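# Structure at a glance
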Amino acid sequence: MGNIQIMDEWLSNKIAAGEVVERPASVVKELVENAIDAGSTSIDVFLLEAGLTSIQVIDNGSGMDEEDALMSFSRHATSKIHQEHDLFRIRTLGFRGEALASIASVSKMTLITSNGESGTHLELEGGHILTHKPGPLRKGTDLTVSQLFFNTPARLKYMKTIQTELGHTIDLMNRLALGNPQIAFRLLHNGQQLLQTNGRGDVQQVLAAIYGVHNAKKMVSFQGESHDYQISGFVTLPEVTRASKNYMSLFVNGRWVKHYLVQKAIVDAFHTYLPIERYPIVVLFIKGDPYLTDVNVHPAKHQIRLSKEPELLKLIEETIRETIRNIIRVPQMEKKE
Ligand code: ADP
Ligand code: MG
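Presented here is an overview of the structure given in this document. Since this is a predicted model, take the numbers as computed values, not measurements. Residues take numbers from 1 onward in each chain, read along the sequence in its written order. As a convention, the first chain written is A and the first ligand written is 1, with the rest following in written order. Whole-chain, interface and lining totals are the exception, using all residues; otherwise, since this is a predicted model, local features are given only for residues with pLDDT of at least 70 and side-chain atom pairs are given and counted only at 80 or more. For the side-chain quantities, the full set of heavy atoms in the structure was used; hydrogens and water were omitted.

## Points about the overall build of the chain
The secondary structure content of the chain amounts to eleven helices and 17 strands. Exposure is judged per residue with a 1.4 Å probe applied to protein chains only, and the accessible area is read against the type maximum: over 50% gives exposed, under 20% gives buried, and values in between give partly exposed. Per-residue burial over the chain gives 47% buried out of 337 residues. Whether two residues touch is decided by their heavy atoms; if any such pair falls within 4.5 Å, the residues are in contact. Intrachain contacts of the chain at a sequence separation of at least 6 include 66% that bridge at least 24 residues. Surface accessibility in these figures is a Shrake-Rupley result with a 1.4 Å probe; residues are shielded only by whichever protein chains are displayed. By element, 51% of the accessible surface of the chain is carried by carbon and sulfur atoms, the whole surface being about 17200 Å². The numbering of helices and of strands both runs from the N terminus, where a helix is a DSSP run of H or I of at least 4 residues and a strand a run of E of at least 2.

## A look at the pairing of strand E2 (residues 54–59)
Two strands pair if DSSP finds at least two bridges between them. Pairing of strand E1 (residues 42–48) with E2 involves six bridges; the strand directions are antiparallel. Bridge pairing links leucine 48 to serine 54 in E2. Here E1 folds back onto E2, and the loop between the two strands holds five residues, one of which, glutamate 49, carries a positive phi near 50°.

## So, the packing of helix H2 (residues 24–37) against helix H7 (residues 162–179)
Convention adopted: a line fitted to C-alpha atoms gives each axis, helices being fitted over their contacting stretch, and angles between N-to-C directions are expressed from 0 to 180 degrees. Where H2 meets H7, the closest approach of the two axes is 8 Å, and the angle between their N-to-C directions is 25°. In terms of their interaxial angle, H2 and H7 are classed as roughly parallel. In this structure, H2 crosses over H7, and the sense of that crossing is right-handed. Contacts between H2 and H7 involve Pro24, Ala25, Val28, Lys29, Val32, Glu33 and Ile36 from the first element and Glu165, His168, Thr169, Leu172, Met173 and Leu176 from the second. Angular relationships are summarised with four words: roughly parallel below 35 degrees, roughly antiparallel beyond 145, roughly perpendicular across 65 to 115, and oblique for the angles in between. Definitions for this section: a left-handed crossing has its near helix turned counterclockwise from the far helix by less than a right angle. A right-handed crossing has that turn clockwise.

## Details of the side chain of arginine 175
With respect to the secondary-structure elements, arginine 175 resides in helix H7. Two residue types count as positive, namely Lys and Arg, and two as negative, namely Asp and Glu; His and chain ends fall outside the count. Salt bridges are identified by distance alone: a Lys or Arg side-chain nitrogen within 4 Å of an Asp or Glu carboxyl oxygen. Of the side chains bearing the opposite charge, aspartate 171 lies closest to the buried arginine 175, which forms no salt bridge; the N-O distance is 5.3 Å.

## Let's talk about the packing of H7 against helix H8 (residues 203–211)
Interaxial distance between H7 and H8 falls to 9 Å at its minimum, and their mutual angle equals 165°. In terms of orientation, H7 and H8 fall into the roughly antiparallel class. The handedness of the crossing between H7 and H8 is left-handed. Between H7 and H8, the residues in contact are Asn174, Ala177 and Leu178 and Val203, Val206, Leu207, Ile210 and Tyr211, respectively. In this classification, Asp, Glu, Lys and Arg are treated as charged, Ala, Val, Leu, Ile, Met, Phe, Trp, Tyr, Cys and Pro as nonpolar, and every other residue, Gly included, as polar. Of the residues in the contact of H7 with H8, the class split is seven nonpolar, one polar and no charged.

## As for the pairing of strand E15 (residues 282–288)
Moving residue by residue along a regular strand, the side chains alternate between the two faces of the sheet. Most of E15 sits out of view: six of its seven residues are buried. For strand E10 (residues 229–236) and E15, the ladder comprises seven bridges, and the chain directions are antiparallel. Bridge pairing in E15 links isoleucine 231 to isoleucine 286. Sheet topology places strand E12 (residues 248–252) next to E15; five bridges connect them, and they run parallel. If you follow phenylalanine 251 over to E15, its bridge partner there is phenylalanine 285.

## Considering the sheet that holds strand E6 (residues 140–146)
On the basis of which strands lie adjacent, the open sheet formed by eight strands has the order E5-E4-E3-E6-E2-E1-E7-E8 and mixed pairing. The open sheet has two free edges, formed respectively by strand E5 (128–134) and strand E8 (192–196), since each of these has just one partner strand. This sheet shows a mean twist of 10° between the axes of neighbouring strands, independent of strand direction. Each of E1, E2, E6 and strand E7 (184–189) is contacted by H2, which is oriented at about 10° to E2, the strand it contacts most.

## Observations concerning the packing of aromatic side chains
For Phe, Tyr and Trp, rings pair up if their centres lie within 6.5 Å, where Trp contributes its six-membered ring, and each pair is then called stacked (planes under 30 degrees apart), edge-to-face (over 60) or tilted (otherwise). A full pass over the atoms with the stated rule returns two aromatic pairs. Relative to tyrosine 247, the ring of tyrosine 211 lies with its centre 5.9 Å away and its plane at 45°, an arrangement referred to as tilted. Note that tyrosine 211 is positioned in helix H8 and tyrosine 247 in the loop between strand E11 (241–242) and E12, a separation of 36 residues in sequence. Note on tyrosine 247: relative accessible area 29%, which makes it partly exposed. Residues phenylalanine 251 and phenylalanine 285 carry aromatic rings whose centres are separated by 5.3 Å and whose planes lie at 25° to one another, so their mutual orientation is stacked. On the criterion of sequence distance, the pair formed by phenylalanine 251 in strand E12 and phenylalanine 285 in strand E15 is long-range, its members being 34 residues apart. Per residue, the accessibility class of phenylalanine 251 equals that of phenylalanine 285, and both read buried. Charge-over-ring contacts are defined here by two conditions on Lys NZ or Arg CZ: a distance within 6 Å of the ring centre and an angle within 35 degrees of the ring normal. The ring of phenylalanine 150 has lysine 108 sitting right over it, with the charged end atom 4.9 Å from the ring centre.

What follows is the structure, encoded as structure tokens:
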């Protein structure tokens, strides 16, 4: 008899959780991305103690029927990709089918969901279903994750202060709101509202909600197009800068990403206008055929590989440079007259 055995599902879910569920913000990310993928127009996030005590996400999306609700906690269960072909044309935020199984395995979870025709209410502990009963018919999903890491004390020990954990979630919610101005978001912490957007599709309203009306008013819009990519967004003029690159938000087909060379292209567009070690506030939306973008680099999907990168970098640098130049040039010409 050999020694090798296939590990049981709960154990493998807990191992996967180590990758997907790093901290409360990672749970919020997965739950809110699911709500976005479900076509929600309104998403509310309620946190207690930065999410360490409880994270509740309520959406008005498609909801699930009973069978899907039960399936959603199985590893590799997804409604989003079915064939290898789909993997190279991903349009949804999720696709690994791992998040709910992983999160459920390290928390206590309540799922109340309805597709408008039937309602389901499930309660789980450590990934095991404890309660399964009919739920209300309100279309959408109401998912609560409480006592995160209750059964993985080693992970719990690594949580930072409430303020640090909350900071991660605020940054995340800001990015999700910016990337989805057509969705009304709310974030509440211990009853206090920290973010609210109106969901009317106006990026400047979201910028005002995040950076303040004063800064949002100082941002100018830009847009450009090359053979394979379209870009648009808002940028502050050199008079409003920040000491960190974190105020440069990049979205590729709606997904927030980190991309060093894109950030560099933005900074290069400012040329000498930007003080040393200072960066603009920017939101940049890049659109292109999903075939050109590979997000399957890391489970958190923050990194991205882009085809035709030089073409895109040139487009970004030139578009932003022209936008800034035009605006800086106009007032100077007015002065001369
Ligand atoms: P993935 O998002 O990668 O498919 P998840 O584990 O996050 O995997 O979710 C599993 C499945 O559960 C999803 O594919 C989707 O069908 C369903 N689901 C999860 N959250 C929601 C939600 N808020 N509304 C509707 N369906 C959901
Ligand atoms: Mg998901």
